[in-house]
Amino acid sequence: MKLKRNDKVIILTGKDRNKIAEIERVFVSENKAVVKGLNIYKKSVKPSKKSPKGGIIEISAKINISNLGIVCPSCNKVSRVSYKITNNKKIRVCRKCNASLEAVK
Ligand SMILES: [Zn+2]
């Protein structure tokens, strides 16, 4: 899986094309991810414990990973993921500027 939670990504297709946001969740087995606040669809729900009134709620739908491009936090360009081995660890780096793509903890 090339993308991880909190990666900044750009959506390459669909109605939210060219919008940038962070990944909220990655579904490895499905090769999909949920991006914060994007690819929203409205769903009508019946009243339940969670939403006592029911009505329409907004949900971020899963997006296929192949429809997402990573935005490098260092050069701010839409890039691709490359790998580099540093101290026996495989880290993801930006193919354009070679900076690490791993989120600073
Ligand atoms: Zn870069």
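Conventions adopted
Residues numbered from 1 in each chain as written. Predicted model: local features only at pLDDT ≥ 70, side-chain atom pairs only at ≥ 80, totals over all residues. Heavy atoms only, no water. Pairing = 2+ DSSP bridges. Helix = DSSP H or I, 4+ residues; strand = E, 2+ residues; numbered from the N terminus. Donors = N, O, S within 2.8 Å, 3.2 Å for Na, K, Ca; no water. Tetrahedral: all angles 85-135°; square planar, octahedral: opposite > 155°, others 65-115°. Buried < 20%, exposed > 50% of the residue type's maximum accessible area, 1.4 Å probe, protein only. Contact = heavy atoms within 4.5 Å. Domains from an automatic or database assignment.

### A word on the pairing of strand E1 (residues 8–11)
Pairing geometry for E1 and strand E2 (residues 20–27), over 3 bridges, is antiparallel. Note that in E2 the partner of Ile 10 across the bridge is Ile 20. Sheet topology note: the E1/strand E7 (residues 68–71) ladder contains 3 bridges and is antiparallel. The residue bridging Ile 11 from the neighbouring strand is Leu 68, located in E7.

### As for the coordination of the zinc ion
Surrounding the zinc ion are the protein donor atoms Cys 72 (SG), Cys 75 (SG), Cys 94 (SG) and Cys 97 (SG), at 2.2 to 2.4 Å. Between the 4 donor atoms coordinating the zinc ion, the angles at the centre fall across 103 to 116°, so the site counts as tetrahedral. In terms of primary sequence, the donors binding the zinc ion are separated according to C-x2-C-x18-C-x2-C. Of this pair, Cys 72 sits in the loop between E7 and strand E8 (78–79) while Cys 94 sits in strand E10 (residues 89–94), and the two are 22 residues apart along the sequence. By relative accessible area, Cys 94 is classed as buried at 0%.

### Quick look at the side chain of Asp 7
Take Asp 7: it is sitting in the segment before E1. Overall, the relative accessible area of 5% leaves Asp 7 in the buried class. In this view, Asp 7 contacts Lys 2, Ala 21, Glu 22, Ile 23, Ile 70, Arg 92 and Leu 101; residues no more than four positions away in its chain are not counted.

### A closer look at the domain arrangement of the chain
As a measure of interface size, the accessible area lost when the parts come together is often cited. Domain assignment breaks the chain into domain 1 (8–71) and domain 2 (79–105). On a C-alpha basis, the centres of domain 1 and domain 2 stand 26 Å from each other.

### Details of the environment of Leu 101
Locating Leu 101 in the fold gives a position in the segment after E10. Overall, the relative accessible area of 4% leaves Leu 101 in the buried class. Sequence separation between Leu 101 and Ile 70 is 31 residues, and the spatial gap between their C-alpha atoms is 9.1 Å. Apart from residues no more than four positions distant in its own chain, Leu 101 is found in contact with Asp 7, Ile 70, Cys 72, Pro 73, Val 81, Arg 92, Val 93 and Cys 94.

### Details of the sheet that holds E8
The strand order across the open sheet built from 6 strands is E6-E3-E2-E1-E7-E8, with neighbouring strands paired in antiparallel fashion. Strands at the two margins of the open sheet, each flanked by one partner only, are strand E6 (63–64) and E8. As defined by bridge partners, strand E3 (residues 32–35) adjoins E6 across 2 bridges and the pair is classed as antiparallel. Within E6, the residue paired with Ala 33 across the bridge is Ile 63.

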